[in-house]
Amino acid sequence: MLQNSKSAFGWVTIILHWLIAVSILGLLALGFVMRRLSLDPSLQFSLYQWHKSFGFTVLALAALRAAWHVLDRQPEAPAGLSLLERRAARTTHAILIGLTIAVPLAGWAVASTSTLNIPSFYFDWFVIPHLPMAKSEAAESLWMSTHAILAYATLGLVALHAMAALYHHLVRHDEVLVRMLSTRQQRRGEFEKTKGSQVTAKRK
């Protein structure tokens, strides 16, 4: 099941979700490490290039995820969720999708406005051109602050999102987390619901 169904996420959504999630956590960790002043300059340069390469990858995946979110149907919320919880989930997802695009874009702006004019080597395969932005220390500082603030906001929202998913799984025992892990359990649930409806209809 590649596409989403009425009550379940498809493999495209699931794979994009976890690829972006893992990449973002890796980028945040790499961002902390590469800014250590004690690092060897050559190693630091390599880490910056790896950070930018994974950042561009996340940007592409996030753009694809945003397009898929718009084009594909969205499953109904699991039973038992209140209207407030459903609205909060939709809002959180929309903000996370926006942030996964905004953070790497801000990072791209940092590289583009830097007066050092260092090329962005995408995994040493090719050079990604800078955005058509004026280079200045003030602009670089602005975009660096924006990139950091958005990254911390993403980290906070991801942590909140993860805690909410674990709460639903461990405390409320619903399908909020399970349906983002596999389609098998979801298909089984849909089959049982359909079978139950057929049995009820026959009894009537």
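The structure this text deals with has already been given above.
Quick summary incoming for the structure in this document. In this text, all values refer to a predicted model and were calculated from it rather than measured experimentally.

Turning our eyes to something else, we now look at the overall build of the protein. For the protein, the helix and strand inventory stands at five helices and two strands. Ordering the α and β elements of the protein from the N terminus gives α-α-α-β-β-α-α. Here the protein holds 204 residues, and 34% of them are scored as buried. Carbon and sulfur atoms make up 68% of the accessible area of the protein, which totals about 12800 Å².

This part covers the packing of helix H2 (residues 41-71) against helix H3 (residues 83-113). Interaxial distance between H2 and H3 falls to 8 Å at its minimum, and their mutual angle equals 145 degrees. Crossing of H2 over H3 shows left-handed handedness. Counted together, Lys52, Gly55, Phe56, Val58, Leu59, Ala62, Ala63, Arg65, Ala66 and His69 of H2 and Ile97, Thr100, Ile101, Pro104, Leu105, Trp108 and Ala111 of H3 form the full contact between these two elements. Here the contact of H2 with H3 is built from residues that sort into twelve nonpolar, three polar and two charged.

A separate point is the nonpolar core. Counting nine residues, the largest nonpolar core consists of Leu16, Ile20, Ile24, Leu27, Leu28, Val58, Leu61, Val103 and Ala151. Secondary structure elements with two or more residues in this core: helix H1 (11-34) and H2. Excluding anything up to four places from it in sequence, Val58 contacts Ser23, Ile24, Leu27 and Thr100. Core analysis: the second largest hydrophobic core is formed by six residues, Phe56, Leu59, Tyr122 and Phe123 among them.

Moving on to helix H4 (residues 137-170). In a regular helix each residue adds 1.5 Å, so 34 residues correspond to 50 Å; H4 covers 49 Å between its end C-alpha atoms and thus fits that length. Among the residues making up H4, those that are buried are Ala139, Glu140, His147, Ala151, Thr154, Leu157, Ala165 and His168. Buried residues belonging to H4 abut H1, H2 and H3.

Let us now look at the environment of Ala153. Looking at the element boundaries, Ala153 is found in helix H4. With 50 residues separating them in the primary sequence, Ala153 and Val103 have C-alpha atoms 9.6 Å apart.

In this section: the packing of aromatic side chains. Under the criterion given, the structure shown has nine aromatic pairs. Ring centres of Trp50 and Phe54 lie 5.8 Å apart, and the angle between their planes is 25 degrees; on these two criteria the pair is classed as stacked. Separated by four residues within a single helix, Trp50 and Phe54 lie in helix H2, roughly one turn from each other. These aromatic residues form a ring-pair network of at least three members: Trp50, Phe54, Tyr122, Phe123, Trp125 and Phe126.

Within the secondary structure, Thr113 is located in helix H3. Here Thr113 is in contact with Met133, Ala134, Lys135, Ser136, Ala139, Glu140 and Trp143, once residues within four sequence places are set aside.

Below, the discussion takes up the packing of H1 against H4. Packing of H1 against H4 leaves a shortest axis separation of 11 Å and a crossing angle of 130 degrees. As far as their axial angle goes, H4 and H1 are oblique. As for the relative orientation of H1 and H4, their crossing is left-handed in sense. Between H1 and H4, the residues in contact are His17, Ile24, Leu28 and Phe32 and Ala151, Tyr152, Thr154, Leu155 and His161, respectively. Residues that form the contact of H1 with H4 fall into these classes: six nonpolar, three polar and no charged.

Cut-off values and rules
- Residues numbered from 1 in each chain as written.
- Predicted model: local features only at pLDDT ≥ 70, side-chain atom pairs only at ≥ 80, totals over all residues.
- Heavy atoms only, no water.
- Helix = DSSP H or I, 4+ residues; strand = E, 2+ residues; numbered from the N terminus.
- Buried < 20%, exposed > 50% of the residue type's maximum accessible area, 1.4 Å probe, protein only.
- Areas by Shrake-Rupley, 256 points an atom, 1.4 Å probe, with all protein chains shown as cover.
- Axes fitted to C-alpha atoms, helices over the stretch in contact; angles between N-to-C directions.
- Left-handed = near helix turned anticlockwise from the far one by under 90°.
- Contact = heavy atoms within 4.5 Å.
- Nonpolar A, V, L, I, M, F, W, Y, C, P; charged D, E, K, R; others polar.
- Core = buried A, V, L, I, M, F, W, Y, C linked by side-chain atoms within 4.5 Å.
- Expected span 1.5 Å × (residues − 1).
- Phe/Tyr/Trp six-rings, centres within 6.5 Å; stacked < 30°, edge-to-face > 60°.
- Parallel < 35°, antiparallel > 145°, perpendicular 65-115°, else oblique.

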